[in-house]
There are 2 protein chains.
Amino acid sequence: MIRLSRLSDYGIVILTRLAREPGRAMAASTLARATAVSTAMTGKILKLLARADILVSQRGVRGGYALARPPEAITVAEIIEALDGPIALTSCADPGTHDCGIEALCPARDGWRRINRAIRDALAGITLAEMAQAVPGDLVPTFATPPRAAAPEPAAAASIGAR
Amino acid sequence: MIRLSRLSDYGIVILTRLAREPGRAMAASTLARATAVSTAMTGKILKLLARADILVSQRGVRGGYALARPPEAITVAEIIEALDGPIALTSCADPGTHDCGIEALCPARDGWRRINRAIRDALAGITLAEMAQAVPGDLVPTFATPPRAAAPEPAAAASIGAR
DNA sequence: GGAAATAGAACCGGTTCGGTTCTCTTTCAA
DNA sequence: TTGAAAGAGAACCGAACCGGTTCTATTTCC
Ligand code: FES
Ligand code: FES
């Protein structure tokens, strides 16, 4: 079904949240609460993203994660690749791995490659900034950002990820 | 990894073979031999494609499958949808099913939808005909098609799909 | 030194997927 | 008329992958 893994799904959500205040760093637990993704998952995802240089991390007490770059400079393709590995629709399309088995006489070979490329381009053409900004005309009318004061996250009712 | 299922993979290969002689019908077993996909798999795939009106089938002895339309009128998106179900990257992007769980407060919602659409468009923009034709400058210089005479398929050495 | 945070890896059950097999129906031709 | 050659359709099975958890080690600040 050409399904995208949950990892990437949640990943984007978390990053989107982070992109609302690009400079600011947030702890994993805070982000988990803010996005309703289980803390364990959030941690896992953040670690992956940090390793891919999409986030920068600060360890120790008062630590946390922040975007490594402005959201306009982070593409969806990047994020997915960081979390789910290389984007390769078919096993054979990506040169390097040869596990398709038909390769030798396959007539569709370069066709696949073209498709792959089309999709990667589509994904690379969308930035985190675009994902984060609500479509013009959205329901939520650009919240009057509560003045600095702690502003506890909505603490989403149900936590995702608990079986 | 945004992996496409093998079903679709093989499906395209088989259809590609069929597209080389758009008018002609071929039996499943013949196609299996021609494409090096296991006969069982080939059968399964062909049935699915026939049910989706991409192929027309003729039962009984001397039966077989043929393209229901000229290859220019069959898109890759169609094929994938026939074999792997609807193309929906994320569970939430497709209106109707609600199993993402975050939907309520998810900021990335419409972003997903845009991405989904981009990919579907990319897939819908490539036709079977385009897949079938070797890229200009391909290795194989448009085989001089052997004159009608039985022309046994190359009978690919190794059969795919046998564990 | 200890609490709060990230880093990293191992682990585990469930679901899905690739693939096979079986039975039933249709068609043609000897 | 009958049987072989095809497709239709469903059930079935093992294995890989995935979502999710948990545990330990390391870093940092107070
Ligand atoms: S090489 Fe894998 S489908 Fe063609
Ligand atoms: S609604 Fe599912 S990720 Fe946003």
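What counts, and at which threshold
- Residues numbered from 1 in each chain as written.
- Chains lettered and ligands numbered in written order.
- Predicted model: local features only at pLDDT ≥ 70, side-chain atom pairs only at ≥ 80, totals over all residues.
- Heavy atoms only, no water.
- Near = heavy atom within 4 Å.
- Polar contact = N/O pair within 3.5 Å; in protein donor to acceptor, adjacent residues only side chain to side chain.
- Helix = DSSP H or I, 4+ residues; strand = E, 2+ residues; numbered from the N terminus.
- Nonpolar A, V, L, I, M, F, W, Y, C, P; charged D, E, K, R; others polar.
- Contact = heavy atoms within 4.5 Å.
- Buried < 20%, exposed > 50% of the residue type's maximum accessible area, 1.4 Å probe, protein only.
- Arc of directions from axis to C-beta.
- Axes fitted to C-alpha atoms, helices over the stretch in contact; angles between N-to-C directions.
- Parallel < 35°, antiparallel > 145°, perpendicular 65-115°, else oblique.

Enquirer: A description of the protein's contact with DNA strand D should follow, citing residues and the corresponding values.
Expert: Looking at DNA strand D, there are 25 residues lining it, with A:R6, A:S38, B:A28, B:S57 and B:Y65 nearest. The sugar and phosphate moieties of DNA strand D supply 69% of its atoms located within 4 Å of the protein. Here A:R6 contributes a backbone N or O atom positioned 2.8 Å from a phosphate oxygen of DNA strand D. Contact between DNA strand D and A:V61: a base oxygen at 3.3 Å from a main-chain N or O atom of the residue. Listing elements by their share of the surface near DNA strand D, those giving two or more residues are helix 1 (6-19) and helix 3 (39-51) of chain A together with helix 3 (39-51), strand 1 (55-58) and strand 2 (64-67) of chain B. In terms of residue count, helix 3 of chain A provides more of the surface near DNA strand D than any other element does, three residues in total. A per-class count over the surface near DNA strand D returns nine nonpolar, nine polar and seven charged.

Enquirer: Account for the side chain of A:S8, naming residues and giving values.
Expert: Mapped onto the elements of the fold, A:S8 is located in helix 1. Non-local contacts of A:S8, meaning those with residues more than four positions away in its chain, are made with A:I80, A:L83, A:D84 and B:W112.

Enquirer: How would you sum up the environment of A:L48? Please name residues and give values.
Expert: Residues and elements named next belong to chain A. Among the secondary structure elements, L48 is positioned in helix 3. Classification of L48 by relative accessible area gives partly exposed; the value is 24%. A sequence separation of 36 residues divides L48 from D84, and the C-alpha atoms of the two residues are 9.7 Å apart. With residues up to four places along the chain from it excluded, the contact list for L48 reads A82 and L83.

Enquirer: Break down helix 2 (residues 28-35) of chain A for me, with residues and values.
Expert: Side chains three or four residues apart in an α-helix point the same way, a direct result of the helix having 3.6 residues per turn. Residues and elements named next belong to chain A. If you check which residues of helix 2 are buried, you get L31, A32, A34 and T35. Projected onto a plane normal to the axis of helix 2, the buried residues spread over an arc of 165 degrees and lie on a single side. Looking at the buried positions of helix 2, the neighbouring elements they touch are helix 1 and helix 3. Among the residues trailing helix 2, A36 stands out with phi positive, at a value near 70 degrees.

Enquirer: Could you give an account of the environment of B:I115, with specific residues and numbers?
Expert: Note on placement: B:I115 falls in helix 5 (residues 109-124). Here B:I115 falls in the buried class, since its relative accessible area comes to 1%. Remark: the alpha-carbon pair of B:I115 and B:L18, spanning 97 residues in sequence, is separated by 32 Å. If we ignore the near neighbours within four places in the chain, the residues touching B:I115 are A:V76, A:L123, A:I126, A:M131 and B:L89.

Enquirer: Give a detailed account of the packing of helix 1 (residues 6-19) of chain B against helix 2 (residues 28-35) of chain B, specifying residues and quantitative values.
Expert: Residues and elements named next belong to chain B. It is the contact of helix 1 with helix 2, at a shortest axis distance of 10 Å, that shows an interaxial angle of 105 degrees. Relative to helix 2, the element helix 1 lies roughly perpendicular. Between helix 1, through V13, I14, R17 and L18, and helix 2, the contact on the second element is made entirely by L31, A34 and T35. Tallied by class, the residues present in the contact of helix 1 with helix 2 amount to five nonpolar, one polar and one charged.

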